[in-house]
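# Residue-level structure breakdown
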Amino acid sequence: MPENNSDEDINQEIVFPLNVDDPGNWDKMQNIRDFLVERGPRKDDDILFPLDNTGRHFNPSQYKRQLPNGEKSDRIWLVYSISMDRIFCFCCKLFKTQRTTMKLGHLADEGYKDWKNISRCLSLHETSKDHIDCMTSWIELERRLRKKKTIDENIQVAINKEREHWKQVLKRIIAVVQRIAKNNLPLRGDNEKLYVENNGIFLQLIEMIVEFDPIMEEHLRRVQERQIHYTYLGPKIQNELIQMLAAEVRSSIVAKIKHAKYFTVILDCTPDASHEEQMSLVIRCVDDSENAIVVEEFWIGFLKVNETSGLGLFTELKNILNNLELDIDNIRGQGYDNGSNMKGKHKGVQSRLLEINPRAFYTPCGCHSLNLTLCDMVKCCPKAMSFFSVIQRIYSLFSSSTKRWQIFKDHVQGLTVKPLSQTRWESHVDSVKPIKDQTSKIRDALIDLANISDDSKIKSEAEGLASFELENFEFVFGMVIWYKLLYEINIVSKFLQAENMDIDIAIRQLKGLISSLQEFRESGFDQALIEAEHIASEMGIEPIFREKRIIRRKRQFDEINSEEVTQSPKESFRVNYFLFIIDQALSSLQTRFEQFQKYEETFGFLFSLERLKYINDDSLLHSCVNLQESLTHDGHSDVDGSDLYLELKLLRHSLPRESKRAIDVLNYLKKMDSCYPNVYIAYRILLTIQVTVASAERSFSKLKLIKTYLRSTMSQERLNGLTMLSIEKKVVEKVDYANLINTFASKTARRAIFK
């Protein structure tokens, strides 16, 4: 293909943001009457109509006309503008003339909004001669278009042919944008010209497609020969395509959330590459729109926040929910990290939301709570802090020089040492494991480094780590203990991060962790000691605890002389180190997961089939009434406790044995088709409550891939659009873009004919 030597960039005309079904936008478009007549008037009854200054709003019942005999007929010509909050007459808006504009009134021009007198206005309008003339013109054009017998038949044929061409062009361009966004790649390069070096991945892919596709080859031929001025290849058009695709995905997600009714909000914050605070919003709901019910966590968007206080974050949350037309009263759960601005009991986001909606149960992130539990364990014991300091020193010593790292690799062929994570303490197991499994080899590497190095500081550090740390039996013993503790906590943490994790399974996992720690407290010391002695034997060091000199306090003359009980070094290590950190772990788990215990008291009788079958009637009735009270606000409850009790009494005898989890019970209830309405609602709310904020954390990984140092000036709209297409891949694949493509292809085709 020849190079494009033009100095002008590809045209960047913006055509996509306007909603073609909104009559408030028709004056901004040209030559669309035939297209709108073919498409017909579109109405949406499900939107939340805003109130005017008098407290009135448009009533969708006005779409029907009351006849004298009591029957109702459709006012097919009546359409509502979302952007202007006004109503219009479809046919009069399109077929008015300069002579009839004044007679037809506001319905044919700027729209009508006097909701108090709307009935009288509509009655007068639909019986007027000018309206009937416009209706006649509408019906006649619609008939001709259907038969393809318009006055300008040749032009219509050309428009249809051109429309099909643009549909195919747009289909390919959208596919390219979607694929690039899916893989978190930048679209643009150093310039925006075709067949020029470094013009970006988007134009490079277009150029590649041209080599094999005749449709795109024809499109680029028109571009290069300047037969068209709107190419859909410029950066602004890319933005509009991204916004269009993301808007369709978001609309699909919001529709699922509205269908589910109850939902949970999950928030987390992080700074981006341009040092702006981004708050990620994820919504969890029970999607029962398909055959099989699934629990979904949908990413909604990044919200740029300037005020990170509880009030500032809560205001941003309210605004986005209002924009999405999601009722804040339908929130049944809220999940954040353990920051004070989020979880604060007085001024945090959770307390402000509970003031408006007491049924929005707050759940601190389970993984953050496990992480803080480990922090408590380490900070409570100086020996534990010293242990992890040694782990980090070993990594830093070898990794800070390529020569030292080569010495490490020469001695250690297995796992390599890893740095400690400052935010994910449970992942410290990955740092402890290489040293535990290869202690003697790492010691040999340190000794070799000390012998080879000419730097006295490095030499001293290597000798100290080898002789006084790795050859210290207390360090080896502590390494065995910490590996077992970190391994178990890491397994539970990974398990809790699943998107479909339910609160009942999370409670079961935490109970298992507590039981395991209690068992390890009783018998783990001796087991760990045997393993530590085996490692010490391989290293050739004595398995003894270093005895410290006891500093005795001078007694005063009037003190009673009493014998002080002295502990052996082994017993001192067991009491002041081993038991100390495990007791701290048990205490922190009880404190930090207190909310989970409250959930068990409220929803526990619904957790499993076994518990439901063997609970007595009095306890079942008490649990149902307690659940009703928990789900009551302003005199309204989601469930009726008495009816729930009667339904559960019948259900527990008919529920299949394979229905062991809450999601299984819910799928069975759906098949029963509203036979157990209160039970169905109760289980939906139970499954709506989240366990962690892992989904919001995952979105930060996409943020780092999309808004990089080189792309730090990206707009917030583009960032949200690209992130939506990258995260919600499954929803993107299911969205049908045919309607949008037809709309824009029709508009572009008419411009091509009438230019």
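Refer to the structure presented above.
One structure accompanies this document, and this report is about it.

Cut-offs used in this document
Residues numbered from 1 in each chain as written. Predicted model: local features only at pLDDT ≥ 70, side-chain atom pairs only at ≥ 80, totals over all residues. Heavy atoms only, no water. Salt bridge = Lys/Arg side-chain N within 4 Å of Asp/Glu carboxyl O. Helix = DSSP H or I, 4+ residues; strand = E, 2+ residues; numbered from the N terminus. Pairing = 2+ DSSP bridges. Axes fitted to C-alpha atoms, helices over the stretch in contact; angles between N-to-C directions. Buried < 20%, exposed > 50% of the residue type's maximum accessible area, 1.4 Å probe, protein only. Contact = heavy atoms within 4.5 Å. Polar contact = N/O pair within 3.5 Å; in protein donor to acceptor, adjacent residues only side chain to side chain.

## Some words on the pattern of salt bridges
A side chain with one charge may pair with a side chain of the opposite charge, provided their charged atoms come close. With the rule as written, the count across this model stands at 44 salt bridges. Taking the shortest distance from any N to any O, the salt bridge between Asp-213 and Arg-172 comes out at 2.7 Å. Placement of the pair is Asp-213 in the loop between helix H7 (201–210) and helix H8 (214–224) and Arg-172 in helix H6 (residues 153–182), with a sequence separation of 41 residues. When salt bridges with common partners are traced through the structure, they connect Lys-433, Lys-436, Asp-437, Lys-484 and Glu-531 into a single cluster.

## Section: the sheet that holds strand S8 (residues 331–336)
The strand order S7-S6-S5-S8-S9 describes an open sheet built from five strands, whose pairing is mixed. Of all strands in the sheet, those bounded by a partner on one side alone are strand S7 (294–304) and strand S9 (361–364). The sheet shows a mean angle of 20° between the axes of neighbouring strands, taken without regard to direction. With ten bridges joining them, strand S6 (residues 277–287) and S7 adopt antiparallel strand pairing. By the bridge assignment for S7, Met-279 is matched with Leu-303.

## Description of the environment of Arg-65
Topologically, Arg-65 is positioned in strand S1 (residues 64–66). Given the relative accessible area of 31%, Arg-65 is considered partly exposed. With 317 residues separating them along the chain, Arg-65 and Pro-382 place their C-alpha atoms 81 Å apart. Residue contacts for Arg-65: discarding those within four places in its chain leaves Glu-71, Lys-72, Ser-73, Arg-75, Glu-126 and Thr-127. Within the structure, Arg-65 has its side chain in polar contact with the side chain of Glu-126 (distance 3.1 Å).

## Some remarks on the pairing of S9
Residues Phe-361 and Thr-363 point to one face of S9 and Tyr-362 and Pro-364 to the other, with burial holding for every one of them. Taken together, the four bridges between S8 and S9 define a ladder with parallel strand orientation. Note that in S9 the partner of Tyr-336 across the bridge is Pro-364.

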